[in-house]
Amino acid sequence: MKANSKCQVLGLGAGGHARVVLDAIREAGEYEVIGLIDLSEATSGKFVDGVEIVGSEAHLEELYRHGIRYVFNGIGGISDNTLHADVYHRVGHQGFEFVTVVHPKATISKTVSIDAGSVLLAGAVVNAGCIIGTNVIVNTNATIEHECQIGHHVHIAPGAILAGKVRIGDHAHIGAGAVIRQGLTVGDQAIVGAGAVVIKNVPAGMCVIGVPARPYCKYAVLS
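Here is what the cut-offs are and how they apply
- Residues numbered from 1 in each chain as written.
- Predicted model: local features only at pLDDT ≥ 70, side-chain atom pairs only at ≥ 80, totals over all residues.
- Heavy atoms only, no water.
- Helix = DSSP H or I, 4+ residues; strand = E, 2+ residues; numbered from the N terminus.
- Rg over C-alpha atoms; globule rule 2.2 N^0.38 Å.
- Contact = heavy atoms within 4.5 Å.
- Areas by Shrake-Rupley, 256 points an atom, 1.4 Å probe, with all protein chains shown as cover.
- Expected span 1.5 Å × (residues − 1).
- Buried < 20%, exposed > 50% of the residue type's maximum accessible area, 1.4 Å probe, protein only.
- Arc of directions from axis to C-beta.
- Core = buried A, V, L, I, M, F, W, Y, C linked by side-chain atoms within 4.5 Å.
- Pairing = 2+ DSSP bridges.
- Axes fitted to C-alpha atoms, helices over the stretch in contact; angles between N-to-C directions.

Below, the discussion takes up the overall build of the protein chain. Helices and strands together make up the secondary structure of the protein chain, namely 3 helices and 25 strands. For 223 residues, the compact-globule estimate of 2.2 N^0.38 gives 17 Å, and the C-alpha radius of gyration of the protein chain, at 17 Å, lies within 12% of that figure. Pairs at least 24 residues apart make up 29% of the contacts formed inside the protein chain by residues separated by at least 6 positions. Roughly 10,300 Å² of accessible area belongs to the protein chain as shown, and the carbon and sulfur atoms make up 52% of that amount.

Structure below.
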């Protein structure tokens, strides 16, 4: 790369979430997105918001040999974060490094810790003392209050609100517009449905819905 040029990054995914992350990267101005990788060969050669889909996951080895080292995770998740996490692990094992993306219109305390590969989108608020794990999505207008702990591969969907000192386990999904009362714990791989109001701890693998939130079903917990 030329002196003073931006760090080149490759996007994983070519759907709606990838477009939103791409927009955040462009607004932040820190990276140059040089292409997108789709999980399907069918879209190769097409463009998403001016960025070419350069191939499928099978092309990553070749791109790595050509010196590409940085990627962002544009794979979203509706309730199930499995694919989002699996892509992170598979691509990471090939030697790629996941960049952290923070939209300039997100409000993030300087005392927040954010692990690699996480994405914080426009309007997100993360207040003092929070810990954000690896490969987390803090989506549009989500609010995470002081001293919350967010595990790995979590999705905090648009408009969700976590009051102070909430703990979210690995692979959990907090639905759009959900509210979680202060001091509660949502276990690993749990799902909080859209618009739910959580006033009690949510066990690992449990899906809760409603106001106040009540159990809806139980999922197998990741080992």
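Text resumes after the structure shown.
This part takes up helix α1 (residues 16–28). Taking 1.5 Å as the rise per residue, α1 with 13 residues should run 18 Å; its terminal C-alpha atoms sit 19 Å apart, in good agreement. When α1 is considered as a whole, its buried residues turn out to be H17, A18, V21, L22, A24 and I25. In an axial view of α1, the angular spread of the buried residues amounts to 160°, which keeps them on one side of the axis.

Looking now at the nonpolar core. Nonpolar side chains tend toward joint burial in soluble globular proteins. Within the largest apolar cluster, 32 residues are counted, with the highest numbers of intra-cluster contacts made by I144, I150, L162, I168, I174, I180 and V186. For I180, the contacting residues outside a window of four places in its chain are I161, L162, A163, V166, I168, I174, V186 and V198. In this structure, A14, A24, I53 and F72 belong to the second largest nonpolar core, which totals 17 residues.

Next up on the list: the sheet that holds strand β21 (residues 185–186). An order of β9-β12-β15-β18-β21 is seen for the 5 strands of this open sheet, with the pairing classed as parallel. One side of each edge strand has no neighbouring strand; the edge strands of this open sheet are β9 (113–114) and β21. Of the strand pairs in this sheet, strand β15 (residues 149–150) and strand β18 (residues 167–168) are connected by 2 bridges, and their pairing is parallel. Pairing of I150 across the sheet is with I168, part of β18.

Our next topic: helix α3 (residues 82–93). The first and last C-alpha atoms of α3 sit 16 Å apart over 12 residues, in line with the 16 Å expected at 1.5 Å per residue. Along α3, the residues that are buried comprise H84, A85, V87, Y88 and V91. Projection of α3 onto a plane perpendicular to its axis shows the buried side chains occupying an angular sector of 160°, all on one side. Against the buried residues of α3 lie β1 (7–12), α2 (60–65), β5 (70–73), β6 (97–98) and β13 (137–138). Following α3 by one or two positions, G95 adopts a phi angle in the positive range, close to 105°.

Moving on to the sheet that holds strand β3 (residues 47–48). One open sheet holds the 6 strands; their spatial order is β3-β4-β2-β1-β5-β6, and the pairing between them is mixed. Of all the strands in the sheet, just β3 and β6 have a single pairing partner and so form its edges. Most of the contacts of α1 go to β5, to which it runs at about 125°, and overall it touches β2 (31–37), β3, β4 (51–55) and β5.

What follows concerns unusual backbone geometry. Residues V211 and P212 are joined by a peptide bond in cis, for which omega reads -10°. Within the secondary structure, P212 sits in the loop between β24 (206–209) and β25 (214–218). In this model, Q189 sits at a positive phi of 60°, which is unusual for a non-glycine residue. Mapped onto the fold, Q189 is located in the loop between β21 and β22 (191–192). For Q189, a relative accessible area of 16% corresponds to the buried category.

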